[in-house]
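Summary of the model geometry
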Amino acid sequence: MEVDLTQFTYAAHAARVIFGRGCLSSLPAEVEALGARRAIVLCTPMQRAEGERIVDLLGPFGAGLHDGAQMHVPIESAREARAVAARLGADCAVAIGGGSTIGLGKAIALESALPIIAVPTTYAGSEMTPIYGMTENGLKTTGKDSRVLPRTVLYDPDLADSLPLPLSFVSGMNAIAHAAEGLYARDGNPVMSLMAEEGIRAMASGLKGLADPAGMKNARTQCLYGAWLCGTVLGHVGMALHHKLCHTLGGSFNLPHAETHTIILPHALAYNACAAPDALARIGRAIDTEDAPRGLYDLAGALGAPMALRDLGMKEGDLERACHIALSNPYWNPRPLEAEALQALLRRAWEGAPPERD
Ligand code: NAD
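Anyway, here's the lowdown on the structure attached to this text. (Residues numbered from 1 in each chain as written. Predicted model: local features only at pLDDT ≥ 70, side-chain atom pairs only at ≥ 80, totals over all residues. Heavy atoms only, no water.)

**Notes on the overall build of the protein**
- Looking only at helices and strands, the protein has 14 helices and eight strands in total.
- Since a compact globule built from 358 residues should have a radius of gyration of about 21 Å, the 20 Å found for the protein is in line with a globular shape.
- C-alpha atoms of the protein, sized along the principal axes, occupy 60 × 45 × 45 Å.
- The buried share of the protein, reckoned over its 358 residues, is 56%.
- By sequence separation, contacts in the protein at least 24 residues apart represent 76% of the contacts at least 6 residues apart.
- Roughly 15,000 Å² of accessible area belongs to the protein as shown, and the carbon and sulfur atoms make up 52% of that amount. (Helix = DSSP H or I, 4+ residues; strand = E, 2+ residues; numbered from the N terminus. Rg over C-alpha atoms; globule rule 2.2 N^0.38 Å. Buried < 20%, exposed > 50% of the residue type's maximum accessible area, 1.4 Å probe, protein only. Contact = heavy atoms within 4.5 Å. Areas by Shrake-Rupley, 256 points an atom, 1.4 Å probe, with all protein chains shown as cover.)

**Quick word on the site of the ligand**
- As a matter of local geometry, the ligand sits amid 23 residues, with Thr44, Ser100, Thr121, Thr122 and Thr129 nearest to it.
- One of the backbone nitrogen or oxygen atoms of Ile131 is found 2.9 Å away from a nitrogen atom of the ligand.
- In this structure, Leu163 approaches the ligand through a main-chain N or O atom, which is 3.3 Å from a nitrogen atom.
- In isolation the ligand exposes 870 Å². Once the protein is present, 86% of that is buried.
- Looking at the shell around the ligand residue by residue, the class counts come to nine nonpolar, twelve polar and two charged.
- Split by domain, the shell around the ligand shows at least three residues from each of two domains, domain 1 (16-160) and domain 2 (165-351). (Near = heavy atom within 4 Å. Polar contact = N/O pair within 3.5 Å; in protein donor to acceptor, adjacent residues only side chain to side chain. Nonpolar A, V, L, I, M, F, W, Y, C, P; charged D, E, K, R; others polar. Domains from an automatic or database assignment.)

**Focus: unusual backbone geometry**
- Positioned with a positive phi, His72 is a non-glycine residue whose angle comes to about 65°.
- The residue His72 is located in the loop between β3 (62-66) and α3 (75-88) in this model.
- In this structure, Val73 is a non-glycine residue whose phi angle is positive, near 45°.
- Looking at the element boundaries, Val73 is found in the loop between β3 and α3.

**A word on the packing of aromatic side chains**
- Enumeration according to the criterion identifies two aromatic pairs in this entry.
- Ring geometry for Phe19 versus Tyr155: centroids 6.0 Å apart, planes at 40°, classification tilted. Remark: Tyr155 occurs in strand β8 (residues 152-155) and Phe19 occurs in strand β1 (residues 16-19); sequence separation between them is 136 residues.
- Seen in terms of ring centroids, Tyr225 and Trp228 are 6.3 Å apart; in terms of plane orientation they differ by 55°. Their pairing is tilted. Remark: Trp228 and Tyr225 occur in helix α8 (residues 216-236); sequence separation between them is three residues, near one turn of the helix.
- Seen from the ring of Tyr271, Arg335 lies directly overhead, with NZ or CZ sitting 3.9 Å from the centre. (Phe/Tyr/Trp six-rings, centres within 6.5 Å; stacked < 30°, edge-to-face > 60°. Lys NZ or Arg CZ within 6 Å of the ring centre and 35° of its normal.)

**Some thoughts on a nonpolar patch on the surface**
- On the surface, Val3, Leu5, Phe8, Tyr10 and Val191 cluster together into a nonpolar patch covering about 450 Å² of accessible area.
- On the secondary structure map, Tyr10 appears in the segment before β1.
- Tyr10 gets classed as partly exposed once you look at its relative accessible area, which sits at 39%. (Patch = residues over 30% accessible without salt bridge, like charges linked within 9 Å, V, L, I, M, F, W, Y side chains within 5 Å. Salt bridge = Lys/Arg side-chain N within 4 Å of Asp/Glu carboxyl O.)

**With respect to the side chain of Thr135**
- Within the secondary structure, Thr135 sits in strand β6 (residues 131-136).
- Given the relative accessible area of 18%, Thr135 is considered buried.

**A few points about the pairing of β3**
- Sheet analysis places strand β2 (residues 39-42) next to β3, joined by four bridges and oriented parallel. Pairing of Ala39 across the sheet is with Gly62, part of β3.
- Once you follow β2 into helix α2 (residues 48-58) and on to β3, the crossover reads as right-handed. (Pairing = 2+ DSSP bridges. Right-handed = clockwise from strand over helix to strand, strands pointing away.)

**Examining α3**
- Counted at 1.5 Å a residue, the expected span for α3 with its 14 residues is 20 Å, and the 20 Å between its end C-alpha atoms agrees.
- Looking at α3, one finds that the buried residues are Ile75, Ser77, Ala78, Ala81, Arg82, Val84 and Ala85.
- Turning to α3, the residues buried within the fold contact β2, β3, α4 (99-112) and β6.
- Phi turns positive, to about 65°, at Gly89, one or two residues after α3. (Expected span 1.5 Å × (residues − 1).)

**Let's talk about the side chain of His178**
- Its place among the elements puts His178 in helix α6 (residues 165-182).
- Here Ala124 takes part through its backbone oxygen, which lies 2.8 Å from a polar atom of the side chain of His178.
- Excluding its chain neighbours within four sequence positions, the residues that come into contact with His178 are Ala124, Cys230, Val233, Leu234, Met239 and His243.

This is the structure:
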């Protein structure tokens, strides 16, 4: 397969990445390397024990713990975290957790430019992107700002090992979605495509490996490596139909983030297959199949992940409105948005039927 070298721009984001089991122990040195002295540690209430462990590890560099991270970063939680950071005199934030906790760190950084050290414990990839999101009056808005890109990321598989399997499966499919759409991004480039293909390969092989207790540790490490690569792709190139549909479904119908990504991905790729044959071939190569959409649908099925939007609580009567919202805000996609085909896509995803190219 020939790489398209017609024309591209490649601008790498400056983030320092430290990877490996036990690398969390370098956290105090990493705080110091940023020139910081007082780190506020952020987590969800569920991960308070990990947050406390990190405050202990930081010793004199630990300013305090704030366990107020919530899904989709409600504006009130952002305001509260900013106030706590100011009260503690924090000069950096350590966010331990998934996209919600790292998102809270970003909400603080957006106003104060506080440097963030991220310690990801899911595969969502927010730690590698300058994208932030916040929710006000039920409406989630997103934006891009270089101040919110974490300065340092510690990928320590020992911390991500605790992610429950059902959450690991959907989080991994969420990561694969970033890389898959990165392969047909309008502003893509050969380096991001290399990362995307390798990210999908590592994540898919890691997810399959999680089923075998003997190979679990190695599989977890593969997943976190895949999450890094897929998150890097999300941070560098634009997304298309799949991410827009998931944003619509999550925001307007309150469907859970990673599960929605898992269900929509095979269908969105089947929709785009005729317009992005090279991307589909690379995804297929990464997961060792001729038919990438079907391969990802079968992978999700084999993992026991949710397969149908109706199982997430979406009502049949909402399908038309979802299609209308998805069409009402035009965006670039390799294949133009066609109402009838989109309706069919959403219906198949709602029923949990296999993806179909048309
Ligand atoms: P999450 O951060 O909401 O975490 C889900 C739950 O799992 C939380 O209760 C968390 O405490 C718990 N958890 C996380 N890691 C754990 C572990 N190792 N062991 C046990 N429990 C653990 O989930 P997510 O999927 O990582 O993030 C979703 C959010 O991130 C969404 O709001 C999404 O929009 C956002 N996101 C943003 C970006 C970006 O670039 N800005 C990228 C991806 C996702």
